[in-house]
Amino acid sequence: MNGQHPQRLAYSTVAPGALASLYAARKYLHGTSLGLGLLHLVDLRASQMNGCAFCINMHTIEARDAGEREERLHGLLAWREAGWYSDRERAALLWTEALTAITDGHVPDEVYGVVSQQFSEKELVDLTLAVTTINAWNRFSIAFRTPPESAPAVVRAMAAAG
C-alpha cells in the first residue's frame, strides 16, 4: 500500500451541513485585514504541524496560485531561520504554532506579547479563528483520510464557487 490508506468517507458529501460553519469562517476570514497571503501561511504551517497531507497540498497550491514565492513555501518549516518573513508573519506563525500545539503548555504570555504587538485586538481574534478553523479542517481530513491527490480538484471547485 506504500503507506497510503484508502479514504474512509467523503465527509463533505456525507454531511455538508456539518461543514457550513467552517465554510462561513473561511469566507469571513477572506474579508478581514489579515490578508490572504498571511492566511495561506497560517493554513500551511498548521497543516504541516498536524501532518495533514491533503491540507498541505491544498494550501500549497492556493498559495502558489496567489503568487507566493517558492522559497517562502519551502522555508516555512524553518521560518525562524529564514529572512523571508515579515515581523507580522513571524508573529502569526508563532501564534499558529502555540495554538496548534496547545497541549505543550498552552499559549505562553511571551507569545501573546509578541503577537499583540503586531495585531489589533480584532485581528488577534480573527487570527485565532483562522488557526482554529484550519486545525478543524485538518482533523476532518486526517480522520477520514482525504487523499492529498484530490486537492487540485478541490482548489478548482472552491475557486469556481467564489
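For the structure itself, look to the data block above.
Residues numbered from 1 in each chain as written. Predicted model: local features only at pLDDT ≥ 70, side-chain atom pairs only at ≥ 80, totals over all residues. Heavy atoms only, no water.

(A) Looking closely at the overall build of the protein chain. Of regular secondary structure, the protein chain possesses 9 helices and 0 strands. At 16 Å, the protein chain has a C-alpha radius of gyration in line with the 15 Å of a compact globule built from 162 residues. Principal-axis analysis of the C-alpha atoms places the extent of the protein chain at approximately 45 × 35 × 35 Å. Burial status across the protein chain gives 41% buried among its 162 residues. Once local pairs closer than 6 in sequence are excluded, the contacts in the protein chain between residues at least 24 apart make up 71%. When the accessible surface of the protein chain is summed, it comes to about 8800 Å², and 58% of that surface belongs to carbon and sulfur atoms. A gap of 7 Å separates the mean positions of the 14 positive and 17 negative side-chain charges of the protein chain. (Helix = DSSP H or I, 4+ residues; strand = E, 2+ residues; numbered from the N terminus. Rg over C-alpha atoms; globule rule 2.2 N^0.38 Å. Buried < 20%, exposed > 50% of the residue type's maximum accessible area, 1.4 Å probe, protein only. Contact = heavy atoms within 4.5 Å. Areas by Shrake-Rupley, 256 points an atom, 1.4 Å probe, with all protein chains shown as cover. Lys, Arg positive; Asp, Glu negative; His and termini not counted. Charge placed at Lys NZ, Arg CZ, Asp CG, Glu CD.)

(B) Geometry of the state of the cysteines. Applying the stated rule across the entire model yields 0 disulfides. Free of any disulfide, Cys 55 has its nearest neighbouring cysteine sulfur in Cys 52, separated by 3.3 Å. (Disulfide = S-S within 2.5 Å.)

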